[in-house]
Structure formats: C-alpha cells, structure tokens
Amino acid sequence: MMVDRRHPDPTGTPSGPAAVPLYGFQPPVGTPYGLEVSTVEDFFAQHDDWPWNPPRPGRATFHYLIAITEGELRHDVDHVTRTVTPGQWLWVRPGHAQCWHPPGAARGTFILFEPDVLRPDLARLLAPLTAHDAPAVLSPHPDDTDWLQQTALQLLDEHRALGRRPLAIHHALRRSLLEALLLRLANSPGIAPTATATGGTGRADRYGRFLDALELHFRELHQAADYAELLGCSVRTLSRAAQDATGKGVRELIDDRRLLEARRLLGAARWDARAVAAHLGFTDPANFGRFFRDRTGLTPAAFAARDTTTDQ
C-alpha cells in the first residue's frame, strides 16, 4: 500500500547526480479518487526498505500531509531538514523536493491527495494554504489542535471503511472531512487570510494553474510558450494573468523559480554548480554561471562559499 512502488515519470528529470525523480499518484488497488490515508507508523512498518534505506530525494505530483501526535519526524523539504513535533503538521506540496529520515518514535496520521480532489471553489479558497511557498511545517492555533487531530482520525476511519457504504457516499465523506480539515488548517499562523483568495477570476485561476505547472516543470520548460501550451491558452493571455497577479512577466517568474532552486541547492543542499546546471536544464555550466551572476551579483561558487544553511 501507500507510495513505495510509485514509478518516476520516464520523461522527468535528467539522469546523473542531480536527478530528482518525479512520482505520480498510484494508490493501492481499490483506493478511490486520488485520496489515501494511513498512519506514519503503518507506513514505515510496511515499507522499511523505501525510500529511506538509503535515503534519496524525490518529488511528487500530489500533496503529503502528515499530522504528528507523538515523537518527532525529521523530513527534508526543498533540501532543508524540518523537524515536526506533536501538534504540528508537515506539508509537502506538489513539486517540492523531499527526502525521508528514519521515523524514530514518530506517530500520526498520514494523508496523501491529488490537487483535483478538492472542488474548484474550495481549491480557490484554500490557495494560500496549498501554494508552493506556504510553510512546510504548520503550527495551528492551540484551540484548533485537538479538533484537527480528531478530524484527521475521522478521515482515517472513513478511509478504512471502504465497502461499508456506497462508494459515492464513501468518497463524499472522505472529501468533506479533508476539506473541513484544510479549511481549519488555513487559519494557521503564516498562512495568508483565505479571504484574499475568494475573488477568483478567470485570470487568477489561470495564474494558479500556471504556478502548479511551473512547480512540476521549471527544470525542463523555460519558455512562456511552453506553459501557454500546457494550459491551452495564448502567451498573451498567460502574460496578462501573471501581470495581474504579480506585476511580473511569465519569463521572469520562470527565471525566479529556477534561481530560487539554484540558491537552495548551492546553499543548504551543497550541490556543485555543474550538478545544479544540469538539474535546471542548462546545457552549458557557463550559461548557468552567467544566469546566476546576473541575478545575484555572485558566482555560484562564491554563493556556496557563504555557507548558506537556511532556505533562501
């Protein structure tokens, strides 16, 4: 069960030391509708050979949401090690690079779900929570902690009740419990007020879909036309959506995302410049060096030498 036999995308990241495979959602046979629920302890007990023995990084097209109730869980998200303690939640969003650590005494509910499990109106409302740059570790308000843990357990119980009710009702209950849980998590410190996401226009929706596509493909797709084709719109339409949301052009946003990844890999992850260049789709390390220096004022080597240890 769970994710230990998910297969990387054969058209994903390049081979070599910088490759970080991309995993799709492949739940066990009989698990319906892009949502899977278990516990941290069951996951590790049943899959002690993957992916932490030996640990190796990977990316997924779906969300990992883990509530810790006992012990501590250490988990790398975008090449930074996070420590999650009881009452906190770990959220690994689609496109994040992640790497597991041995579980120790960690206990809690483990939820995996695809983005399209959420209804479109709820997805817009929850956009600040599901955004790639939202916090990886959430510390809900103390008044919410028990409610969230109980709701997660109810979701786990309903997930395990497959066959007890008609399938459509079973899925509606699971989705309703998940959405209720996420709406409460959206009040966590560090998350923008959900009211800012309620004015969902066509352009805002398109920009949100562009961000989702960018997180999955910024390593290999570097032109605005690539993303316009993925989204089924013109470059001009996509550019207007980006300008409305950020004041920046599509190409600038693509370059910003590649630069952010480069800073993370050169700093906290300690990759060398040649490996970073290959990972980000540069055919020549010298071109990557110019790209990085033009935007930071530093060569990749000089930036790495600053001994960066935190997420940039």
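The structure this text deals with has already been given above.
Residues numbered from 1 in each chain as written. Predicted model: local features only at pLDDT ≥ 70, side-chain atom pairs only at ≥ 80, totals over all residues. Heavy atoms only, no water.

Caption draft 1: Main features of a nonpolar patch on the surface. Together, Tyr33, Leu162 and Leu167 give the surface a local cluster of nonpolar side chains, amounting to about 290 Å² of exposed area. Within the secondary structure, Leu167 sits in helix H5 (residues 167-185). Residue Leu167 is classed as partly exposed on the basis of its relative accessible area of 41%. (Patch = residues over 30% accessible without salt bridge, like charges linked within 9 Å, V, L, I, M, F, W, Y side chains within 5 Å. Areas by Shrake-Rupley, 256 points an atom, 1.4 Å probe, with all protein chains shown as cover. Salt bridge = Lys/Arg side-chain N within 4 Å of Asp/Glu carboxyl O. Helix = DSSP H or I, 4+ residues; strand = E, 2+ residues; numbered from the N terminus. Buried < 20%, exposed > 50% of the residue type's maximum accessible area, 1.4 Å probe, protein only.)

Caption draft 2: The sheet that holds strand E8 (residues 98-100), seen in detail. Spatial strand order, E6-E5-E8: three strands in an open sheet with antiparallel pairing. Lying at the two open borders of the sheet, with one neighbouring strand each, are strand E6 (80-84) and E8. Each neighbouring strand pair of the sheet contributes to a mean axis angle of 30 degrees, computed without reference to strand direction. Sheet analysis places strand E5 (residues 73-77) next to E8, joined by three bridges and oriented antiparallel. Paired with Asp76 across the bridge in E8 is Cys99. (Pairing = 2+ DSSP bridges. Axes fitted to C-alpha atoms, helices over the stretch in contact; angles between N-to-C directions.)

Caption draft 3: Focus on the pairing of strand E4 (residues 63-70). Most of E4 sits inside the fold, with six of its eight residues counted as buried. Note that E4 and strand E9 (residues 107-113) share seven bridges and pair antiparallel. Looking at the pairing, Glu70 lines up with Arg107 of E9. Across four bridges, E4 lies against strand E7 (residues 89-92) in antiparallel orientation. Residue pairing across strands places Tyr64 opposite Val92, the latter belonging to E7.

Caption draft 4: Layout of the sheet that holds E9. Spatial ordering of the open sheet is given by E2-E9-E4-E7-E10, a layout of five strands whose pairing is antiparallel. Because the sheet does not close on itself, it has two edges, and the strands there are strand E2 (35-39) and strand E10 (137-138). Two strands pair when backbone bridges link them, and E7 and E10 are joined in this way by two bridges, in the antiparallel orientation. Across the sheet, residue Leu90 finds its bridge partner in E10, namely Val137. Relative to E2, helix H4 (residues 142-159) is tilted by about 110 degrees, and along the sheet it contacts E2, E4, E7 and E9. (Contact = heavy atoms within 4.5 Å.)

Caption draft 5: How the structure looks around helix H9 (residues 250-266). Look at H9: 24 Å from first C-alpha to last across 17 residues, which is about the 24 Å you get at 1.5 Å a residue. Within H9, 12 of the 17 residues are buried, which leaves it mostly tucked inside the rest of the structure. Those residues of H9 not exposed but buried are Val250, Leu253, Ile254, Asp255, Arg257, Arg258, Leu259, Glu261, Ala262, Arg264, Leu265 and Leu266. (Expected span 1.5 Å × (residues − 1).)

Caption draft 6: Region of interest: the pattern of salt bridges. Taken as a whole and judged by the stated rule, the model has 12 salt bridges. Between Arg257 and Glu261 there is a salt bridge; the shortest N-O distance is 3.3 Å. Of the two residues, Arg257 and Glu261 both sit in helix H9, four residues apart, roughly one turn of that helix. The residue Arg264 makes a salt bridge to Glu261 at a minimum N-O spacing of 4.0 Å. On the criterion of helical spacing, the pair formed by Arg264 and Glu261 is a turn pair, its members being three residues apart in helix H9. For Glu261, a relative accessible area of 0% puts it in the buried group.

Caption draft 7: Expanded view of the side chain of Glu215. Following the sequence through the fold, Glu215 ends up in helix H6 (residues 202-217). Assessed through its relative accessible area of 7%, Glu215 is described here as buried. A distance of 2.9 Å separates the side chain of Glu215 from the side chain of Arg257, its partner in a polar contact. The contacts of Glu215, once residues within four sequence positions are left out, are Arg59, Pro94, Gly95, His132 and Arg257. (Polar contact = N/O pair within 3.5 Å; in protein donor to acceptor, adjacent residues only side chain to side chain.)

Caption draft 8: Representation of the packing of aromatic side chains. By the definition in use, this model includes 15 aromatic pairs. Seen in terms of ring centroids, Phe62 and Tyr64 are 5.2 Å apart; in terms of plane orientation they differ by 20 degrees. Their pairing is stacked. Residue classification places Phe62 among the buried residues on the basis of a relative accessible area of 0%. Residue Tyr64 is classed as buried on the basis of its relative accessible area, which comes to 3%. Within the aromatic cluster, the residues linked to one another by ring pairs are Phe43, Phe44, Phe62, Tyr64, Trp100 and Phe110. Lying over the aromatic face of Trp147, Arg184 brings its terminal NZ or CZ to 4.3 Å of the ring centre. A cation over an aromatic ring shows up here: Arg258 above the ring of Phe282, its NZ or CZ 4.1 Å from the ring centre. (Phe/Tyr/Trp six-rings, centres within 6.5 Å; stacked < 30°, edge-to-face > 60°. Lys NZ or Arg CZ within 6 Å of the ring centre and 35° of its normal.)

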